[in-house]
Amino acid sequence: SPFSFSLSICFSETSTKHCAPVWKVQWVGPDEDGGGDADETLVSISSDGRVVRWSVFKGFECHDLMRLRRATKKLPEGSRHTLHQTANVGRTKTEGLIQRNASGFCLDFQPGNSNVYVVGTEEGYLHRCSCSYNEQYLETYISHISGVYGVSWSPFNNRQFLSCSADWTVCLWDIDQSEPINKFESCRKAVQALAWSPIIPDVFACVGHGRIEIWDLKEGNHLDPVIVHEPSTLSLQTSVVFAQSAQAVFVGDADGQITVYEICGLPSFFKLAQSVIEADKQQAIEDAIAEVEGEY
């Protein structure tokens, strides 16, 4: 084979490594405006309740961005606590590390701001965090009643993000609202992962056990997905991502298989394709006119 892989970094050799399963890793680059770290770093979240930043270009140094504190009692639905208030709910000095820390399942950094990120926990909480505070939450959002498996910021609106959960729901959030803008539920199955479309602002995909859904916020009544596909395989679908420049999604399952699905019949994709065709035609006309004018 012309391709091969070699181990260049092994974080397990560090003394500050995670001590429980790692559920998500994300590369975080410098901001376009020059803010944040000057170098690209790696951030991970684990069931040990730690969010860790790894400085790959500084001898694999790492430090905790956040230790997720466990809440021993459920906060009222729709409530929201700021800064250290949420972090201290239900804590006592005698609690051990494992008891105090809540398992982290997912994270995502705000587009254009490498200092702010959202995490989801096994308790069903969503915490908006800052790299400047390692024991305080900026905000806590409560709607899910079971573990949050996925979170994703909108690539077109850095004030909104999606979350999915084992409670069968997907929630759309605004950072300044205590309750979800909208809640989506189409079947009684845990939603394992989700992803925004990188080319259509209102389209997202989510996957669960034996089900792949495409939702379009501009089409329909928001009660049902516009596309549903149930694979013939019995495997659990665990991940999903859109192609960057094509009408397709990539879906991974628990058997290690990745399947590519072409998206057909989605009105938003058709409208985008038509607008691109019209733009290309207009550009071709302008180029032809410019070329003719250049000859004279």
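You'll find the structure just up there.
Sequence order sets the numbering: in each chain, residues are counted from 1 along the sequence as written. Only residues with pLDDT of at least 70 are given local features in this predicted model, and only at 80 or more are side-chain atom pairs given and counted; all residues enter the totals for whole chains, interfaces and linings. Hydrogen atoms and water are omitted, and side-chain values are computed over all heavy atoms in the structure.

Enquirer: Which parts of the structure should I look at to understand the overall build of the chain?
Expert: If you tally the helices and strands in the chain, you get 3 helices and 20 strands. Accessible area is worked out with a 1.4 Å probe on protein chains only. A residue is then buried under 20% of its type maximum, exposed over 50%, and partly exposed in between. The proportion of buried residues among the 296 residues of the chain is 44%. Considering only contacts within the chain whose residues lie at least 6 apart along the sequence, 48% involve residues at least 24 apart. Accessible surface area values rest on a Shrake-Rupley calculation with a 1.4 Å probe, where residue burial reflects the displayed protein chains alone. Here the chain displays about 15900 Å² of accessible surface, and carbon together with sulfur accounts for 52% of that area. Every helix listed is a DSSP run of H or I at least four residues long, and every strand listed is a run of E at least two residues long, numbered separately from the N terminus. It only takes one pair of heavy atoms within 4.5 Å for two residues to be counted as in contact.

Enquirer: What should I look at first to understand the side chain of S55 in this one?
Expert: In this fold, S55 is placed in strand β3 (residues 50-55). Judged by relative accessible area, which is 14%, S55 ranks as buried.

Enquirer: Which parts of the structure should I look at to understand the sheet that holds strand β18 (residues 237-242)?
Expert: Across a sheet, paired strands are connected by hydrogen bonds in the backbone, their directions being either parallel or antiparallel. Read from one edge to the other, the open sheet built from 3 strands follows the order β18-β19-β20, with strand pairing classed as antiparallel. Strand pairing shows two members of the sheet lacking a second neighbour, β18 and β20 (258-262), which therefore form its edges. Between one strand axis and the next, the sheet turns through 25° on average, direction left out of account. When DSSP finds two or more bridges between two strands, those strands count as paired. Here 5 bridges tie β18 to strand β19 (residues 248-253), and the two strands are oriented antiparallel to one another. Across the sheet, the residue bridging to V240 is V251, located in β19. What counts as an axis is a line fitted to C-alpha atoms, over the stretch in contact for a helix, and the angles between N-to-C directions run from 0 to 180 degrees.

Enquirer: Would you take a moment to explain a nonpolar patch on the surface for this structure?
Expert: Nonpolar side chains (Val, Leu, Ile, Met, Phe, Trp, Tyr) are joined into patches within 5 Å and like charges within 9 Å, using only residues with over 30% relative accessible area and no salt bridge. In the sections that follow, a salt bridge refers to a side-chain nitrogen of Lys or Arg positioned within 4 Å of a carboxyl oxygen of Asp or Glu. Judged by side-chain polarity, V241, F250, I258 and V260 come together as a nonpolar surface patch covering roughly 370 Å² of accessible area. Under the relative-accessibility criterion, I258 is labelled exposed at 62%.

Enquirer: Any chance you could explain the nonpolar core here in plain terms?
Expert: When a protein is soluble and globular, its nonpolar side chains tend to lie buried together. Throughout, nonpolar core names a set of buried Ala, Val, Leu, Ile, Met, Phe, Trp, Tyr and Cys residues whose side chains join them through atoms within 4.5 Å. If you look at the biggest cluster of nonpolar residues, it comprises 15 residues, and the most contacted ones within it are V51, F109, Y117 and V119. The set of elements that each furnish at least two residues to this core consists of β2 (41-46), β4 (61-67), β6 (104-109) and β7 (116-121). In this structure, V119 is in contact with I45, V51, L68, C106, L107, Y125, L126, H127 and C129, ignoring residues within four places of it in sequence. In terms of nonpolar packing, the next biggest core, distinct from the first, is built from 14 residues, V203, I212, I263 and L266 among them.

Enquirer: Just checking my understanding: could you explain the pattern of salt bridges for this structure?
Expert: Close approach of charged atoms allows side chains of opposite charge to pair. One pass over the structure, following the stated rule, counts 9 salt bridges. Notably, a salt bridge pairs R67 with D64, separated by 3.2 Å at the nearest N-O pair. With a closest N to O distance of 2.5 Å, R211 and E213 form a salt bridge. Each member of the pair R211 and E213 is classed as buried. Ionic contacts of the salt-bridge type, sharing partners, join the residues D48, R50, D64 and R67 into one network.

Enquirer: Where do I start with the environment of F156 in this structure?
Expert: Tracing the backbone shows F156 in the loop between β10 (148-153) and β11 (160-165). Take F156: its relative accessible area is 42%, and that puts it in the partly exposed class. Note: C-alpha distance between F156 and I200 (44 residues apart in sequence) is 8.8 Å. Apart from residues no more than four positions distant in its own chain, F156 is found in contact with S197, P198, I199, I200 and P201.

Enquirer: Please clarify how the environment of Q160 should be interpreted in this entry.
Expert: In this structure, Q160 sits in strand β11. C-alpha separation for the pair Q160 and Q177, spaced 17 residues apart in sequence, amounts to 10.0 Å. In this structure, Q160 is in contact with W153, S154, L172, W173, D174 and I181, ignoring residues within four places of it in sequence.

Enquirer: How should I be thinking about the sheet that holds strand β16 (residues 211-216) in this particular structure?
Expert: Strand order in this open sheet of 4 strands is β14-β15-β16-β17, and the pairing throughout is antiparallel. The open sheet terminates on both sides in strands that have one partner only, identified here as β14 (191-196) and β17 (227-229). Within this sheet the neighbouring strands show an average axis-to-axis angle of 15°, counted without direction. Relative to strand β15 (residues 203-208), β14 is paired through 5 bridges, and the arrangement is antiparallel. When the bridges of β15 are listed, V191 appears paired with G208.

Enquirer: I would appreciate a short explanation of the pairing of strand β12 (residues 170-174) in the present structure.
Expert: Side-chain direction in a regular strand flips from residue to residue, so the side chains alternate between the two faces of the sheet. Among the 5 residues that make up β12, 5 are buried, leaving the element largely enclosed by the rest of the structure. Here β12 shows no split at all, with V170, L172 and D174 on one side and C171 and W173 on the other all buried. By the bridge criterion, 5 bridges tie β11 to β12 in an arrangement that is antiparallel. Bridging across to β12, Q160 finds its partner in D174. The hairpin formed by β11 and β12 contains 4 residues between the paired strands, and W168 there has a positive phi angle of roughly 80°. Across 3 bridges, β12 lies against strand β13 (residues 182-184) in antiparallel orientation. Bridge assignment links C171 to a residue of β13, and that residue is K183.

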